[in-house]
Amino acid sequence: MTTGSPARTRTHRRGRSPAVRTLLVVGAVAALLAVALVVVPLLRPPGPRPLFQLPVPCGETWRLSTYPGHDDYDVDLFPATGEAWGRPVLASYAGTVTEAGINGSLGGRTPDDPDGPRGLGGGHWVKIDHGGRWETQYLHLLEPPLVRVGQRVAQGEQLGRVGSTGNSGAPHLHYEQRRGWEKVETWFDGAPSGITVDDTEQTVERRSHNCAPDRRGPA
Ligand SMILES: [Zn+2]
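Bear in mind the structure is a predicted one, so any value in this text is a computation, not a measurement.

## Some words on the coordination of the zinc ion
Piece 1. The protein atoms that coordinate the zinc ion are His70 (NE2), Asp76 (OD) and His174 (ND1), at distances spanning 1.9 to 2.1 Å.
Piece 2. The motif formed by the donor residues of the zinc ion, counted along the single chain, is H-x5-D-x97-H. Asp76 matches His70 in its accessibility class, with the two residues each being buried.

Spelled out as structure tokens, the structure:
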């Protein structure tokens, strides 16, 4: 009763080992490749902060604000003068578009019906990868973005227009800067905005220097 079993097991094992070993090797190589291609780039330290500009046209003054419950570092932009509806939203810095579509649901807030049904999330939105693990995002746009995923954009290139889609009370641009996996304080033209926490209402005024120097070309 005890003599046949080990022999059968040995035979069995000898027969399957090469295939199993091959599978293990292939699996290990695939896992190493996955680590090399996906995980390592995410672990490398972020690059230096790009010289972000305000995401609105050069020379305009906008109010940057936050309020309790907004989320730390998030900035809502309202023009200091004039209507917010339809104002151009520009890329803060050159990069590649990684999101351009609908986040959540649009709702029904338009210039003709500003108190229409409120949507969810970001509404029409754009996200840009600036390299070095730096990203910016632009929410609540009026219409589908003017850019598409994979497109290269220059600093100052128009992404869309200010609206009130998604979870938005009034027309404005919700804007974020991200480094790696975390949101960080927004900086514009080399200076921090000062908006770091959402425990109180806060507003600062800044003038845009988004004059698209990299599109002027050589003199
Ligand atoms: Zn916001």
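What follows continues from the structure just given.
## Topic: the packing of aromatic side chains
Piece 1. Counting across every chain of the model gives four aromatic pairs.
Piece 2. The interplanar angle of 70 degrees and the centroid separation of 5.4 Å between the aromatic rings of Tyr138 and Tyr175 together place this pair among those described as edge-to-face. Here Tyr138 is found in strand 6 (residues 134-141), whereas its partner Tyr175 is found in strand 9 (residues 173-179), with 37 residues between them in sequence. For the pair Tyr138 and Tyr175, one class covers both residues: buried.
Piece 3. Ring-pair connections join several aromatic residues into one group, and the members of that group are Phe52, Tyr93 and Trp134.
Piece 4. Over the face of the ring belonging to Trp181 we find Arg133, whose NZ or CZ atom lies 5.0 Å from the ring centre.

## With respect to the state of the cysteines
Piece 1. Considering all chains together, one arrives at one disulfide under this definition.
Piece 2. The residue that forms a disulfide with Cys58 is Cys211, at a sulfur-sulfur distance of 2.0 Å. Since a negative S-S torsion denotes a left-handed disulfide, the Cys58-Cys211 link at about 65 degrees is right-handed. Here Cys58 is found in the loop between helix 1 (4-43) and strand 1 (61-66), whereas its partner Cys211 is found in the segment after strand 13 (202-207), with 153 residues between them in sequence.
Piece 3. On the accessibility criterion, Cys211 (26% relative accessible area) is partly exposed.

## Focus on the environment of Ala84
Piece 1. With respect to the secondary-structure elements, Ala84 resides in the loop between strand 2 (75-79) and strand 3 (88-90).
Piece 2. The sequence separation of Ala84 and His172 amounts to 88 residues, and the corresponding C-alpha distance is 6.2 Å.
Piece 3. Discounting residues that sit within four places of it in the chain, Ala84 has contacts with Pro79, Val162 and Pro171.

## Quick notes on unusual backbone geometry
Piece 1. One non-glycine residue, Tyr73, adopts positive backbone phi at about 80 degrees.
Piece 2. One can find Tyr73 in the loop between strand 1 and strand 2.
Piece 3. We classify Tyr73 as partly exposed; its relative accessible area is 28%.
Piece 4. Residue Arg133 is not a glycine yet carries a positive backbone phi of 65 degrees.
Piece 5. Mapped onto the elements of the fold, Arg133 is located in the loop between strand 5 (120-129) and strand 6.

## Description of the side chain of Gln177
Piece 1. Its place among the elements puts Gln177 in strand 9.
Piece 2. We classify Gln177 as buried; its relative accessible area is 0%.
Piece 3. Engagement of the side chain of Gln177 in a polar contact is seen with the backbone nitrogen of Trp187, the distance being 2.9 Å.

## Notes on the pairing of strand 5
Piece 1. Among the 10 residues that make up strand 5, seven are buried, leaving the element largely enclosed by the rest of the structure.
Piece 2. As paired strands, strand 4 (residues 95-105) and strand 5 are joined by eight bridges and run antiparallel to one another. Bridge pairing links Thr96 to Asp129 in strand 5.
Piece 3. With five bridges joining them, strand 5 and strand 6 adopt antiparallel strand pairing. Bridge assignment links Lys127 to a residue of strand 6, and that residue is Gln137.
Piece 4. As consecutive antiparallel partners, strand 5 and strand 6 are separated by four residues, and within that stretch Gly131 has a phi angle of approximately 85 degrees, a positive value.

Conventions adopted
- Residues numbered from 1 in each chain as written.
- Predicted model: local features only at pLDDT ≥ 70, side-chain atom pairs only at ≥ 80, totals over all residues.
- Heavy atoms only, no water.
- Donors = N, O, S within 2.8 Å, 3.2 Å for Na, K, Ca; no water.
- Buried < 20%, exposed > 50% of the residue type's maximum accessible area, 1.4 Å probe, protein only.
- Phe/Tyr/Trp six-rings, centres within 6.5 Å; stacked < 30°, edge-to-face > 60°.
- Helix = DSSP H or I, 4+ residues; strand = E, 2+ residues; numbered from the N terminus.
- Lys NZ or Arg CZ within 6 Å of the ring centre and 35° of its normal.
- Disulfide = S-S within 2.5 Å.
- Contact = heavy atoms within 4.5 Å.
- Polar contact = N/O pair within 3.5 Å; in protein donor to acceptor, adjacent residues only side chain to side chain.
- Pairing = 2+ DSSP bridges.

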